[in-house]
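Structural overview
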Amino acid sequence: MRTKTFSDALVRKSLARYFAIVEKEKPAKFQIAKKAAADFTEQEPLETLLTQHAWCTKEYYAFERQLDGGKKPVLTGSPKKSYLDLKIAIASKMLEHCSFCSRRCGVNRLIDQLGYCGCGNNVAVSSIFAHTGEEPELVPSGTIFTMGCTIRCLHCQNWTISQWQEAPVSYSPQELAREVENLHMAGCHNINLVGGEPTPWLKHWLDTFRYVDVNIPVIWNSNSYYSPETAELLAGFADVYLLDFKYGPGNCAERLSDTLNYWQVATYNLLKAKQYS
C-alpha cells in the first residue's frame, strides 16, 4: 500500500534514504552493519570497545556515503565479526551496569535486577501488529510495543504498557526476527520499535536484527531520554528517528514525568539523530 505522501516531493527529499530502502533500492543500515568488519574481543573493557566502535562508525558512514553516492560497493559475505556484533558486545556489557537511559541505574540486568524502567534480561512484548495510525509516511508500520519506560509521564497514553500493567510475552531474538519478517511479508514499510520505550531493550533489538534476513528500515520511536552511549549504538542501526520532544527548559519534565535534565538530554539526542540519520 502506498499513501499519497510517497509521491510528495518534499517528503521524498527529507526521507530519501528511507524511501530507497522501502523501494528496495538501498540496504537498511542494519544490513550494512552486518557486512562491515570490526576487530574486537568480547573480553575487552567497555571503554576499549566504545573507542573501537567510534572508529567503526566513521568507517561505516564513509561506506554508506559511497553506497548512496552510486559507487555501489559490494555487500557480499559475512565478516568474522561485524560492526553489528560490536554493538551487541557493547550493549551486553551495558546490561551488567545498566546505562541505556540517562538515569544510569547501574543495576545488573544480566541477573534480572530491575531498575526504574522495570526491565530485566528477557525482552517483554505487549503487542505486534501493522499500525495505520502513525505518520502517513510510515504506514502501514510494523510496530512492536515493548514493556517498561525510562520516564513516568502523568499523561502517558500507553500507561498499561509503560508501567507493566499488562501481561507481557517473552521472545527470543530468533523469534522476534521471525515476527519482523512476518510484518514485512504482510506489507509493512518499516519496523517501528516503540513502547513503553525501546531504549531499555536496545541490546535485544540489536541481537534480533542479527537474525533478520529481509531488507526493511528500522524506526527508533523513543522519548529521547537515552544516554550518549545509546545514541552512539543507534548510529548505523536506526534508519529513521521518531523522537519525542516533550518539554522545553524548566521543571515541567520533573513535575510531570519524574525526569531530570530532559531538555539537555533530548536536545543532545535530537542533534545526534540528525548527524546519524
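In this text, all values refer to a predicted model and were calculated from it rather than measured experimentally.

Looking at the pairing of strand 6 (residues 240-243)
Residues of strand 6 alternate between two faces, with Val240 and Leu242 on one and Tyr241 and Leu243 on the opposite face, all of them buried. Examined bridge by bridge, strand 5 (residues 218-222) and strand 6 share four bridges and lie parallel to one another. By the bridge assignment for strand 6, asparagine 221 is matched with leucine 242. After leaving strand 5, the chain enters helix 9 (residues 228-234) and then returns to the sheet as strand 6, a path that is right-handed.

Details of helix 5 (residues 83-96)
Spacing of three or four residues puts side chains on the same side of an α-helix, whose turn is 3.6 residues. Relative to the 20 Å expected for 14 residues at 1.5 Å per residue, helix 5 spans 21 Å between its end C-alpha atoms, a close match to the ideal helical length. In terms of residue burial, helix 5 counts as a mostly covered element, since eleven of its 14 residues are buried. Among all positions of helix 5, only Tyr83, Leu84, Asp85, Leu86, Lys87, Ile88, Ala89, Ile90, Ala91, Met94 and Leu95 are buried. In this structure, the buried residues of helix 5 make contact with helix 3 (29-35), helix 4 (46-68), helix 8 (202-209) and helix 9. Of the residues that open helix 5, the one with a side-chain oxygen 3.2 Å from the backbone nitrogen of leucine 84 is serine 82.

Examining the sheet that holds strand 3 (residues 169-170)
Strand order in this open sheet of six strands is 3-1-2-4-5-6, and the pairing throughout is mixed. The outermost strands of the open sheet, each flanked by one partner alone, are strand 3 and strand 6. Note: strand 2 (residues 141-146) against strand 4 (residues 191-195), five bridges, orientation parallel. Each residue of the ladder has a partner; that of threonine 146, found in strand 4, is glycine 195. Sitting on the sheet, helix 7 (residues 173-185) is in contact with strand 1 (124-131), strand 2, strand 3 and strand 4, with an inclination near 15° to strand 1.

Section: the pattern of salt bridges
Applying the stated rule across the entire model yields 13 salt bridges. Between lysine 26 and aspartate 68 there is a salt bridge, with the nearest N and O atoms lying 3.5 Å from each other. One end of the pair, lysine 26, is in the loop between helix 2 (16-22) and helix 3; the other, aspartate 68, is in helix 4, and 42 residues separate them in sequence. Connected via shared salt-bridge partners are Arg17, Lys26, Lys29, Glu64 and Asp68.

Points about the side chain of serine 257
Tracing the backbone shows serine 257 in helix 10 (residues 252-257). Of note is the side chain of serine 257, whose polar atom sits 2.6 Å from the side chain of tyrosine 247.

Quick notes on the packing of helix 4 against helix 5
Helices that pack against each other are described as a pair by the angle of their axes relative to one another and the distance between those axes. Where helix 4 meets helix 5, the axes come as close as 10 Å, and the angle between the chain directions of the two elements is 150°. One way to sum up the angle between helix 4 and helix 5 is to call them roughly antiparallel. Between helix 4 and helix 5 lies a crossing whose hand is left-handed. Of helix 5, the residues touching helix 4 (which contributes Leu46, Leu49, Leu50, Gln52, His53, Cys56, Thr57 and Tyr60) are Tyr83, Leu86, Lys87, Ala89, Ile90, Lys93 and Met94.

Notes on the packing of aromatic side chains
Scanning all chains against the criterion turns up twelve aromatic pairs. One aromatic cluster in this structure is built from Phe30, Trp205, Phe209 and Phe237. The ring of phenylalanine 40 carries the charged tip of lysine 81 above its face, separated from the ring centre by 4.9 Å. If you follow arginine 109 out to its NZ or CZ, it ends over the ring of tryptophan 201, 5.3 Å from the centre.

So, helix 8
Judged by how many residues are buried, helix 8 sits mostly within the fold: eight of eight residues are covered. Those residues of helix 8 that sit buried are Leu202, Lys203, His204, Trp205, Leu206, Asp207, Thr208 and Phe209.

Definitions and limits used
- Throughout this document, residue positions are counted from 1 along each chain, in the order its sequence is written.
- Whole-chain, interface and lining totals are the exception, using all residues; otherwise, since this is a predicted model, local features are given only for residues with pLDDT of at least 70 and side-chain atom pairs are given and counted only at 80 or more.
- The basis for every side-chain value is the complete set of heavy atoms in the structure, and neither hydrogens nor water enter the calculation.
- Partly exposed describes any residue whose relative accessible area lies between the buried limit of under 20% and the exposed limit of over 50%, with all areas from a 1.4 Å probe on protein chains only and scaled to the type maximum.
- Numbered from the N terminus, helices here are DSSP runs of H or I no shorter than four residues, and strands are runs of E no shorter than two.
- Following DSSP output, two strands are said to pair if at least two bridges run between them.
- With the strands pointing away from the viewer, any crossover whose connection runs clockwise from the first strand over the helix to the second is right-handed.
- Take the number of residues in a helix, subtract one, and multiply by 1.5 Å to get its expected span.
- Throughout, a residue-residue contact means that at least one pair of heavy atoms, one from each residue, lies within 4.5 Å.
- Two N or O atoms form a polar contact when they lie within 3.5 Å of each other; inside protein one atom must be a possible hydrogen donor and the other a possible acceptor, and for residues adjacent in sequence the pair counts only when both atoms belong to side chains.
- Think of each axis as a best-fit line through the C-alpha atoms, taken over the contacting stretch in the case of a helix, with angles from 0 to 180 degrees between the N-to-C directions.
- Basic side-chain nitrogens of Lys or Arg form a salt bridge, by our definition, when they fall within 4 Å of a carboxyl oxygen of Asp or Glu.
- Oblique is the label for any angle not covered by the other classes, which are roughly parallel (under 35 degrees), roughly antiparallel (over 145) and roughly perpendicular (65 to 115).
- Here a crossing is taken to be left-handed if its near helix is turned anticlockwise relative to the far helix by less than a right angle, and right-handed if that turn runs clockwise.
- Stacked, tilted and edge-to-face are the three classes applied to pairs of Phe, Tyr and Trp rings, where Trp contributes its six-membered ring and a pair requires centres within 6.5 Å; stacked means planes under 30 degrees apart, edge-to-face means over 60, and tilted covers the rest.
- Two conditions define a charge sitting above a ring: the NZ of Lys or the CZ of Arg must be within 6 Å of the ring centre, and it must be within 35 degrees of the ring normal.

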